Number of protein chains: 2
Amino acid sequence: MKNLIFFILIITSVNSFAQNDSTFIRKIYDEALENGQSYENLRSLCKDVGARITGSAEAEMAVKWGEKLLNSYGFDKVYLQEIKAPHWERGTKEAAWIINEKGETFKLDILALGGSVSTNGLIEGEVLEVENLDALKKLTEEQVKGKIVYLSQAFDQKHINTFRAYGGCYPIRGKGTSEAGKLNAKAVVIRSLATPEDDFPHTGTMRYEEGINKIPGAAISTKNAVLLSAWLKQGKVTLKMEMDCETFPDVTSYNVIAEMNGKDDKIITWGGHLDSWDVGEGAHDDGAGIVHSIEALRILKKLRYQPNHKLRCVLFMNEENGNMGGKSYAKIASENKEKHICAIESDRGGFLPIGFDVNGTEEQITMVNKQKDLLADFELFKFKKGFGGVDIGPLKEYYPDMIQLGMAINSQIYFNYHHSNNDVFERVNKRELELGAAAMAAMIYLMDKTLK
Amino acid sequence: MKNLIFFILIITSVNSFAQNDSTFIRKIYDEALENGQSYENLRSLCKDVGARITGSAEAEMAVKWGEKLLNSYGFDKVYLQEIKAPHWERGTKEAAWIINEKGETFKLDILALGGSVSTNGLIEGEVLEVENLDALKKLTEEQVKGKIVYLSQAFDQKHINTFRAYGGCYPIRGKGTSEAGKLNAKAVVIRSLATPEDDFPHTGTMRYEEGINKIPGAAISTKNAVLLSAWLKQGKVTLKMEMDCETFPDVTSYNVIAEMNGKDDKIITWGGHLDSWDVGEGAHDDGAGIVHSIEALRILKKLRYQPNHKLRCVLFMNEENGNMGGKSYAKIASENKEKHICAIESDRGGFLPIGFDVNGTEEQITMVNKQKDLLADFELFKFKKGFGGVDIGPLKEYYPDMIQLGMAINSQIYFNYHHSNNDVFERVNKRELELGAAAMAAMIYLMDKTLK
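Residues numbered from 1 in each chain as written. Chains lettered and ligands numbered in written order. Predicted model: local features only at pLDDT ≥ 70, side-chain atom pairs only at ≥ 80, totals over all residues.

## What about the relation of the copies chain B and chain A?
Next up, step 1: When chain B is fitted to chain A, the best match, at an RMSD of 0.0 Å, comes from turning it 180° and sliding it 0.0 Å along the axis. As the rotation angle and translation indicate, the two copies are arranged about a two-fold axis. Minimal C-alpha distance to the rotation axis in chain B is attained by Phe381(B), lying at 3.1 Å.
Next up, step 2: In this assembly the copies share their binding face: 100% of the residues contributing to the interface of chain B also contribute to that of chain A. (Least-squares fit on C-alpha atoms with pLDDT ≥ 70 in both. Contact = placed C-beta atoms within 7 Å.)

Written out as structure tokens, the structure reads:
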């Protein structure tokens, strides 16, 4: 009788794949929420390693931290993939003041933009407020020369997804120094790319165009930006600043990789980035993505999942200022004639996951949406065309037919912390982080089952 | 030519209601995100009024605060609705210690449960750990008499929605003292109904069954609970405690109401609750719901919306310990033969809104789901059968055919703060709060347009 029931149960379960998927994903969530290790792993990465910009001692420690942790889980293969990457240091001097016509002085909260040149001592110039990059491009050298250009563009709060507001302001950070340099400005300060009005300056990468006059660039806090704009309404403002940041020769560093063997040699890659900016602790950006990625593989192993394809978790180096980890990974994959069919990235923080953005064909988006009802039980709802991620992006050049997914995460608070001293472990909620790891594992599982 | 284009535009827009709805909801969100007043209103309620348990001076101040704010917006009608409600005070003495067999002593973080009797001085008893209410019901008087029952049930972390974990533990808080009282225990302490392990005790309502032995009840922090359970594994533990909380005669208080006239006299009601527990600032519970509700009406007025039905925003009193605001409102509505067709509540915090739970028929749920594509643009995804809310609940008794909606909000962090000293303004994010107000206004608008 007992055997008969067992037999019936097997038959029933074989006939209901969807239910099987639901049961398996339920197990993934149970493991993440009851025995999850992502929160403790994130604490360790933030507190035992800390901020870890490419080329720093901390980045080297992070590589060892990742390798050791992945080895501790006994995956089929753990290895380092050597890359060359840029090396920029903030230095020890970083200060700025504004002085108005009455001689009143205010010390600003500033952070050099990543990649900026030094000021070579204390510099000084009249502040010229410019509302955005387009407005800067319309100015003449006569208007700009010798001045310190202040790009005051604020986030457009009307965007529901704050990444759109960030995207709108991105040009002032990425290209402001180049455009102002062409007009022989002395330096650039920008309003931080951040959602709230507060006292934290937010750094981030910038790039000098080839062959132009390189001038220093820094971000000031949004509150300081509001103040500076108010002062400028009253009259002339002078800005003094000093920064001794410096770019050094490229360094050798590593992507850290773990694998679970599958029944074939097609590859599903996922990951986040191991480097961070050199301020705060890189907790949301992208410590969260790192522990999501590691935890996803840990859970699949713990549940004794037998994958169809090779599952590969990658802790990418150098996403923040060069993306040499992602670029190198893709190039090596292609050179080795690897068969990449899918890549998934988590690089939008450790907040509540709400779905996945799909970078793929209409058919691929439809395929993902077939999982919608199943994933709604786990409060994952959003599966629309969108961006996969910076680290996995370069794979698309070599594998145009692959599907890429970016974990969609509640974006409302992300740019309060992003690239600032406020991006620390304490800003991350345990359950939200655990749900991110489970969502990642669930999507890896579904893609492994679905993709041929 | 200009007129022709204008004419074509009108024709086009008349023929595309869905697009009109989308445009109008977009305006709601723009107003909330660019010119929103919910965050400043919440700051004022939390800081200028503070914790506001029914019967307190603060609750009286909150009524005046609400009335004044609603009047400042110039709505068609603002008035108070008198109710009778319970009055319980925590008193000034609240302390507890545990002592083990070695004489080691540890002071606990405790909060009396709302409605508890006093201990009448310092009491002392051996601690008896019981895992949940069902286990307590199985014990005999001999096992329990003279002891202090410690109900140690923890949240089941496997639930995706933390309200389910809360619901699972609710009986130990609501009924623990009654069941232990029947067995002549001296007092009850419970593990706080909270998600994380931390040092905040969480209060909440409890009820004595009629005619039973009333014994005191208190909550200890989850960290203290873990410690107490560990001590009990080592041997006998004595607990000393003192609380001088007291129940006073019922008080007169008020629901605060604002209305916008419609084309007919059918009513759409929405609201949150103005009272809170007497700890923290009632920021998420339910200051957020209060400012969501006020802001929704403000935005609709600002956008010069002409409603089909009467729109009524209600700041309910006494949800926390008696629900006399909700019960009285429903009774008076029925007595006045008002025509209630829809009620919406926000009482799940100021976190990210994700949709609405629908308490209604299959047809009503389908009707709400027809708005799904429209609302997905605003990242509202979840429209499933569920609970409307405690305040609006009693209306269903008189109006069984009405639809009730409860705003579904990211629940992951809510029970970190709920009913504790940690539920303060600083725990609320501006944009998430604003999105809640916009979601509320959008749903009121859609119901007003859809319901006949």
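Further notes follow.
## Section: the domain arrangement of chain A
Residue and element names in this part refer to chain A.
Next up, step 1: Splitting chain A by domain gives domain 1 (23-88 + 249-450) and domain 2 (91-244).
Next up, step 2: For domain 1 versus domain 2, the distance between C-alpha centres works out to 33 Å.
Next up, step 3: Each side of the interface is counted separately: domain 1 has 15 residues, and domain 2 has 17 residues.
Next up, step 4: Residue contributions to the side of domain 1 that touches domain 2 peak at 3 residues, all from helix H14 (residues 414-417). (Domains from an automatic or database assignment. Helix = DSSP H or I, 4+ residues; strand = E, 2+ residues; numbered from the N terminus.)

## What about the interface of chain B and chain A?
Next up, step 1: Tallying the contact residues gives 21 residues for chain B and 21 residues for chain A.
Next up, step 2: Top contributing element to the side of chain B that touches chain A by residue count: helix H2 (residues 17-35) of chain B, with 4 residues.

## Here's the deal with the packing of helix H3 (residues 38-49) of chain A against helix H15 (residues 430-450) of chain A
Residue and element names in this part refer to chain A.
Next up, step 1: Across the interface, H3 lies against H15 with an axial gap of 9 Å and an inter-helix angle of 110°. The angle between the axes of H3 and H15 places the two elements in the roughly perpendicular class. Between H3 and H15, the contacting residues are Ser38, Tyr39 and Leu42 on the first element and Lys430, Leu433, Glu434 and Ala437 on the second.
Next up, step 2: For the contact of H3 with H15, a count of residues per class yields 4 nonpolar, 1 polar and 2 charged. (Axes fitted to C-alpha atoms, helices over the stretch in contact; angles between N-to-C directions. Parallel < 35°, antiparallel > 145°, perpendicular 65-115°, else oblique. Nonpolar A, V, L, I, M, F, W, Y, C, P; charged D, E, K, R; others polar.)

## Some thoughts on the pairing of strand E6 (residues 148-151) of chain B
Residue and element names in this part refer to chain B.
Next up, step 1: Side chains Ile148 and Tyr150 project from E6 onto one buried face, and the interleaved Val149 and Leu151 project onto a second face that is buried too.
Next up, step 2: As judged from the 4 bridges shared by strand E5 (residues 123-130) and E6, these two strands associate in the parallel manner. Bridging from a neighbouring strand, valine 130 pairs with leucine 151 of E6.
Next up, step 3: Pairing geometry for E6 and strand E7 (residues 187-191), over 4 bridges, is parallel. The partner of isoleucine 148 across the bridge, within E7, is alanine 187.
Next up, step 4: For the segment spanning E6, helix H7 (residues 162-182) and E7, crossover handedness is right-handed. (Buried ≥ 20, exposed ≤ 12 C-beta atoms within 10 Å, placed from the backbone. Pairing = 2+ DSSP bridges. Right-handed = clockwise from strand over helix to strand, strands pointing away.)

## Quick notes on the packing of helix H3 (residues 38-49) of chain B against helix H9 (residues 283-302) of chain B
Residues and elements named next belong to chain B.
Next up, step 1: With their axes 9 Å apart at the nearest point, H3 and H9 run at an angle of 135° to one another. Relative to H9, the element H3 lies oblique. Regarding H3 and H9, the two cross each other, and that crossing is right-handed. Contact with H3, carried on its side by Ser38, Asn41, Leu42, Leu45 and Cys46, involves Ala283, Gly287, Ala288, Ile290, Val291, His292, Ile294 and Glu295 of H9 and no other residues of that element.
Next up, step 2: Looking at the contact of H3 with H9 residue by residue, the class counts come to 8 nonpolar, 4 polar and 1 charged. (Left-handed = near helix turned anticlockwise from the far one by under 90°.)

## Describing the sheet that holds strand E4 (residues 110-112) of chain A
Residue and element names in this part refer to chain A.
Next up, step 1: Within the open sheet, the 8 strands sit side by side as E3-E2-E9-E5-E6-E7-E8-E4. Their pairing is mixed. In this open sheet, the two edge strands, each paired with only one partner strand, are strand E3 (105-108) and E4. On average, adjacent strands in this sheet sit at an angle of 30° to one another, irrespective of strand direction.
Next up, step 2: Its contacts with the sheet place helix H7 (residues 162-182) against strand E6 (148-151), strand E7 (187-191) and strand E8 (217-220), and it is angled at close to 155° to E7.

## Side note on helix H4 (residues 57-72) of chain A
Residues and elements named next belong to chain A.
Next up, step 1: A rise of 1.5 Å per residue sets the reference length of H4, with its 16 residues, at 22 Å; its end C-alpha atoms lie 22 Å apart and thus fit the reference within 8%.
Next up, step 2: Residues of H4 that are buried sit in contact with H3, strand E1 (77-89), strand E10 (246-260), helix H9 (283-302) and strand E12 (310-316).
Next up, step 3: Phi turns positive one or two residues past the end of H4, at glycine 74, with a value near 65°. (Expected span 1.5 Å × (residues − 1).)

## Things to note about the sheet that holds strand E8 (residues 217-220) of chain B
Each strand in a sheet pairs with another by means of backbone hydrogen bonds, the pair being arranged parallel or else antiparallel.
Residues and elements named next belong to chain B.
Next up, step 1: An order of E3-E2-E9-E5-E6-E7-E8-E4 is seen for the 8 strands of this open sheet, with the pairing classed as mixed. A single partner strand is all that each edge strand has here, and the edge strands are strand E3 (105-107) and strand E4 (110-112). For this sheet, the mean angle separating the axes of adjacent strands, direction not counted, is 30°.
Next up, step 2: Looking at chain direction, strand E2 (residues 94-100) and strand E9 (residues 237-243) are connected through 7 bridges and run antiparallel. Residue pairing in the sheet places alanine 95 in a bridge with glutamate 242 of E9.

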